[in-house]
Amino acid sequence: MKPRTARWSHYRFRSVWHLPAPTAAVYAVLERVERYPHWWPQIREVTAVDGRTGTARFRSLLPYDLVVTARERRRDEAAGVLEVAMSGDLEGWARWTLSACGGGTHAVYEQEVEVRKPLMRRLAVPGRPVFLANHALMMRAGRRGLTAVLNGV
(Lines give C-alpha, C1' and ligand atoms only; values in the text may rest on other atoms or scores of the structure.)
Protein backbone atom coordinates (compact mmCIF):
# COMPACT_ATOMS: atom_id res chain seq x y z
CA MET A 1 0.00 0.00 0.00
CA LYS A 2 1.25 3.48 -0.85
CA PRO A 3 2.03 5.89 1.97
CA ARG A 4 -0.84 8.30 2.66
CA THR A 5 1.01 11.28 1.15
CA ALA A 6 1.63 9.34 -2.06
CA ARG A 7 -2.09 8.57 -2.45
CA TRP A 8 -2.98 12.21 -1.87
CA SER A 9 -0.25 13.29 -4.32
CA HIS A 10 -1.69 11.16 -7.14
CA TYR A 11 -3.98 12.87 -9.64
CA ARG A 12 -5.97 11.64 -12.59
CA PHE A 13 -7.58 14.31 -14.77
CA ARG A 14 -9.93 14.13 -17.72
CA SER A 15 -11.20 17.17 -19.62
CA VAL A 16 -13.46 17.11 -22.67
CA TRP A 17 -13.49 20.06 -25.02
CA HIS A 18 -15.75 20.61 -28.02
CA LEU A 19 -13.79 22.76 -30.46
CA PRO A 20 -15.06 24.69 -33.49
CA ALA A 21 -12.58 23.37 -36.06
CA PRO A 22 -11.80 20.22 -38.01
CA THR A 23 -9.73 17.57 -36.26
CA ALA A 24 -6.72 18.13 -38.55
CA ALA A 25 -6.63 21.83 -37.64
CA VAL A 26 -6.85 21.10 -33.90
CA TYR A 27 -4.13 18.46 -34.17
CA ALA A 28 -1.88 20.88 -36.05
CA VAL A 29 -2.12 23.40 -33.20
CA LEU A 30 -1.73 20.85 -30.39
CA GLU A 31 1.33 19.16 -31.88
CA ARG A 32 3.23 22.49 -31.86
CA VAL A 33 3.89 22.47 -28.13
CA GLU A 34 6.49 25.23 -28.42
CA ARG A 35 3.56 27.56 -29.29
CA TYR A 36 1.41 26.68 -26.24
CA PRO A 37 2.62 29.70 -24.21
CA HIS A 38 1.19 31.96 -26.95
CA TRP A 39 -2.37 30.78 -26.38
CA TRP A 40 -2.39 29.00 -22.99
CA PRO A 41 -1.53 31.60 -20.32
CA GLN A 42 -0.57 29.14 -17.58
CA ILE A 43 2.03 27.41 -19.75
CA ARG A 44 4.73 29.97 -19.20
CA GLU A 45 7.60 28.41 -21.12
CA VAL A 46 8.36 25.45 -23.39
CA THR A 47 11.93 24.66 -24.40
CA ALA A 48 12.86 21.94 -26.87
CA VAL A 49 15.61 19.56 -25.78
CA ASP A 50 15.54 17.52 -28.99
CA GLY A 51 12.95 16.43 -31.56
CA ARG A 52 11.00 14.31 -29.04
CA THR A 53 11.73 15.89 -25.66
CA GLY A 54 11.26 19.29 -24.07
CA THR A 55 10.82 21.08 -20.78
CA ALA A 56 7.77 23.07 -19.77
CA ARG A 57 7.07 25.47 -16.94
CA PHE A 58 3.48 25.91 -15.69
CA ARG A 59 2.00 28.41 -13.28
CA SER A 60 -1.66 29.06 -12.63
CA LEU A 61 -3.19 31.10 -9.80
CA LEU A 62 -1.16 29.55 -7.00
CA PRO A 63 2.27 31.09 -6.34
CA TYR A 64 4.44 28.19 -7.51
CA ASP A 65 5.82 26.89 -10.78
CA LEU A 66 5.82 23.30 -11.91
CA VAL A 67 8.64 22.24 -14.23
CA VAL A 68 8.46 18.99 -16.18
CA THR A 69 10.41 17.24 -18.87
CA ALA A 70 8.04 15.76 -21.44
CA ARG A 71 9.10 12.97 -23.77
CA GLU A 72 6.94 12.05 -26.75
CA ARG A 73 5.46 8.57 -26.40
CA ARG A 74 2.95 8.66 -29.22
CA ARG A 75 2.29 11.01 -32.11
CA ASP A 76 -0.37 9.56 -34.40
CA GLU A 77 -2.24 12.06 -36.53
CA ALA A 78 -4.41 9.38 -38.18
CA ALA A 79 -5.65 8.25 -34.75
CA GLY A 80 -5.73 11.83 -33.41
CA VAL A 81 -3.44 10.99 -30.48
CA LEU A 82 -0.61 12.97 -28.90
CA GLU A 83 0.90 11.48 -25.74
CA VAL A 84 3.89 12.33 -23.56
CA ALA A 85 5.62 10.85 -20.54
CA MET A 86 6.47 13.43 -17.88
CA SER A 87 9.15 13.62 -15.20
CA GLY A 88 10.23 16.34 -12.83
CA ASP A 89 7.74 18.09 -10.54
CA LEU A 90 5.07 15.80 -12.03
CA GLU A 91 5.75 12.14 -12.85
CA GLY A 92 3.36 10.36 -15.20
CA TRP A 93 1.76 10.94 -18.57
CA ALA A 94 -0.60 13.22 -20.51
CA ARG A 95 -2.57 12.50 -23.68
CA TRP A 96 -4.77 14.32 -26.19
CA THR A 97 -7.26 12.19 -28.15
CA LEU A 98 -9.13 13.94 -30.95
CA SER A 99 -12.14 12.84 -32.97
CA ALA A 100 -14.51 14.50 -35.40
CA CYS A 101 -17.80 15.62 -33.90
CA GLY A 102 -20.33 17.35 -36.14
CA GLY A 103 -18.52 20.25 -37.77
CA GLY A 104 -15.88 20.39 -35.07
CA THR A 105 -13.63 18.30 -32.87
CA HIS A 106 -14.15 16.37 -29.68
CA ALA A 107 -10.86 16.72 -27.76
CA VAL A 108 -10.20 14.62 -24.66
CA TYR A 109 -7.26 15.56 -22.43
CA GLU A 110 -6.21 12.92 -19.92
CA GLN A 111 -3.42 13.11 -17.41
CA GLU A 112 -2.25 10.79 -14.66
CA VAL A 113 0.55 12.08 -12.46
CA GLU A 114 2.22 11.78 -9.11
CA VAL A 115 3.28 15.14 -7.69
CA ARG A 116 7.00 15.20 -6.89
CA LYS A 117 7.40 18.87 -5.96
CA PRO A 118 8.28 18.80 -2.23
CA LEU A 119 6.06 21.72 -1.18
CA MET A 120 3.00 20.25 -2.91
CA ARG A 121 3.68 16.84 -1.34
CA ARG A 122 3.85 18.42 2.13
CA LEU A 123 0.54 20.18 1.47
CA ALA A 124 -1.03 17.16 -0.26
CA VAL A 125 -3.90 16.59 2.17
CA PRO A 126 -5.04 20.13 3.05
CA GLY A 127 -4.14 21.54 -0.36
CA ARG A 128 -5.81 18.94 -2.58
CA PRO A 129 -9.09 20.86 -3.16
CA VAL A 130 -7.12 24.00 -4.01
CA PHE A 131 -4.80 22.08 -6.37
CA LEU A 132 -7.83 20.57 -8.13
CA ALA A 133 -9.49 23.99 -8.52
CA ASN A 134 -6.22 25.45 -9.80
CA HIS A 135 -6.01 22.70 -12.44
CA ALA A 136 -9.64 23.29 -13.48
CA LEU A 137 -8.96 27.01 -13.97
CA MET A 138 -5.90 26.20 -16.06
CA MET A 139 -7.89 23.84 -18.28
CA ARG A 140 -10.67 26.42 -18.83
CA ALA A 141 -8.09 29.01 -19.86
CA GLY A 142 -6.48 26.50 -22.22
CA ARG A 143 -9.81 25.75 -23.90
CA ARG A 144 -10.52 29.48 -24.33
CA GLY A 145 -7.04 30.11 -25.75
CA LEU A 146 -7.18 27.18 -28.16
CA THR A 147 -10.67 28.18 -29.31
CA ALA A 148 -9.41 31.71 -30.00
CA VAL A 149 -6.49 30.36 -32.07
CA LEU A 150 -8.81 28.08 -34.03
CA ASN A 151 -11.18 30.99 -34.68
CA GLY A 152 -8.28 33.09 -35.98
CA VAL A 153 -8.55 35.64 -33.19
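Scroll up a little and you will see the structure.
Residues numbered from 1 in each chain as written. Predicted model: local features only at pLDDT ≥ 70, side-chain atom pairs only at ≥ 80, totals over all residues. Heavy atoms only, no water.

**Some remarks on helix H5 (residues 124–150)**
As a reminder, the rule being used: Under the DSSP-based scheme used, a helix requires at least four consecutive residues in state H or I and a strand at least two consecutive residues in state E, with every element numbered from the N terminus. Under the convention used throughout, the expected extent of a helix is 1.5 Å for every residue step, that is, one less than its residue count. By definition, a residue's bend is the angle between the axes fitted to the seven residues ending there and the seven starting there.
Over its 27 residues, H5 extends 36 Å from the first C-alpha to the last, a length consistent with the 39 Å expected when each residue adds 1.5 Å. Val130 marks the point of greatest bend in H5, at about 30°.

**What to know about the pairing of strand S3 (residues 53–58)**
Regular strands have side chains that alternate between both faces of the sheet. Inclusion rule: In this analysis, strands are considered paired if DSSP registers two or more bridges between them.
Here strand S2 (residues 43–48) pairs with S3 via 5 bridges, running antiparallel. For Val46, the partnering residue across the bridge sits in S3 and is Ala56. Between S2 and S3, which pair antiparallel in sequence order, lie 4 residues. As judged from the 6 bridges shared by S3 and strand S4 (residues 66–76), these two strands associate in the antiparallel manner. Within the sheet, the bridge partner assigned to Thr55 lies in S4 and is Thr69.

**Considering the packing of aromatic side chains**
Put simply, the test is: Centre distance within 6.5 Å is the pairing criterion for rings of Phe, Tyr and Trp, where only the six-membered ring of Trp is used; planes under 30 degrees apart are then read as stacked, over 60 as edge-to-face, and the remainder as tilted. Each residue is assigned to one of three classes by its accessible area relative to the maximum for its type, calculated with a 1.4 Å probe on protein chains only: buried under 20%, partly exposed between the two thresholds, exposed over 50%. Either the NZ atom of lysine or the CZ atom of arginine qualifies as a charge over a ring when it sits within 6 Å of the ring centre and within 35 degrees of the ring normal.
Evaluated as defined, the whole model comprises 8 aromatic pairs. Their ring planes at 10° and their centres at 5.6 Å tell us that Tyr11 and Phe13 sit as a pair that is stacked. By relative accessible area, Tyr11 is classed as buried at 4%. With a relative accessible area of 13%, Phe13 lands in the buried category. Each residue in the set Trp17, Tyr36, Trp39, Trp40, Trp96 and Tyr109 is aromatic and connected to the rest through ring pairs, giving one cluster. Cation over ring: Arg128 sits above Tyr11, and NZ or CZ is 4.2 Å from the ring centre.

**A few points about the environment of Gly103**
Cut-off, in case you're wondering: Throughout, a residue-residue contact means that at least one pair of heavy atoms, one from each residue, lies within 4.5 Å.
Mapped onto the fold, Gly103 is located in the loop between strand S6 (90–101) and strand S7 (104–115). Spatially, the C-alpha atom of Gly103 lies 9.3 Å from that of Thr23, the residues being 80 residues apart in sequence. Contact partners of Gly103, with chain neighbours within four places excluded, come to Ala21 and Pro22.

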